[in-house]
Amino acid sequence: MIYRDILLYLFYVIVSSYGLFQIKNAGGGYFGFPFLFGLFCYGAGFVIWIIILKLNPLSTAFPIAASSLIIATQLVGYFALGEKFSSLKLVAILLVLSGIVLFYLDGRKG
């Protein structure tokens, strides 16, 4: 089960953050292909989120999914959009990762 959960969260984060990237980076307005494809990906991420919720308690799933998406958007912002990244953000990401692990471990107990 742990591998299934990790794959679902990973797929959710990749699809959702890619969708956000496409929406942010769409130069053709709201009806261009990049924007619509981004919207599709973000919607697909929502469907994956529903599956995650069916398989995990909300009190575990939400913190893990939200935190993972925060980390992913920081990385996409830096690597794909040229946004600034600082050592303080790196420390924050490490703390968030620690929290994700703790939430997951605690959620598996109940």
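One can find the structure itself at the top, above this paragraph.
Residues numbered from 1 in each chain as written. Predicted model: local features only at pLDDT ≥ 70, side-chain atom pairs only at ≥ 80, totals over all residues. Heavy atoms only, no water.

(A) Representation of helix H1 (residues 2-25). In this model, H1 (24 residues) spans 34 Å end to end at C-alpha, consistent with the 34 Å of a helix rising 1.5 Å per residue. Of the residues making up H1, those classed as buried are Asp5, Leu8, Tyr9, Tyr12, Val13, Val15, Ser16, Ser17, Gly19, Phe21 and Gln22. (Helix = DSSP H or I, 4+ residues; strand = E, 2+ residues; numbered from the N terminus. Expected span 1.5 Å × (residues − 1). Buried < 20%, exposed > 50% of the residue type's maximum accessible area, 1.4 Å probe, protein only.)

(B) Region of the structure containing helix H2 (residues 33-55). End to end, H2 covers 33 Å across 23 residues, agreeing with the expected 33 Å (1.5 Å per residue, within 8%). Those residues of H2 lying buried are Phe35, Gly38, Cys41, Gly45, Ile48, Trp49 and Ile52. For H2, the secondary structure elements touched by its buried residues are H1 and helix H3 (58-79). (Contact = heavy atoms within 4.5 Å.)

(C) Geometry of the pattern of salt bridges. Per the counting criterion, the structure on display carries one salt bridge. Linking Arg4 and Asp5 is a salt bridge whose minimum nitrogen-to-oxygen distance equals 3.0 Å. Exposure remark for Arg4: the relative accessible area of 31% places this residue in the partly exposed category. The exposure class of Asp5 is buried, given its relative accessible area of 0%. (Salt bridge = Lys/Arg side-chain N within 4 Å of Asp/Glu carboxyl O.)

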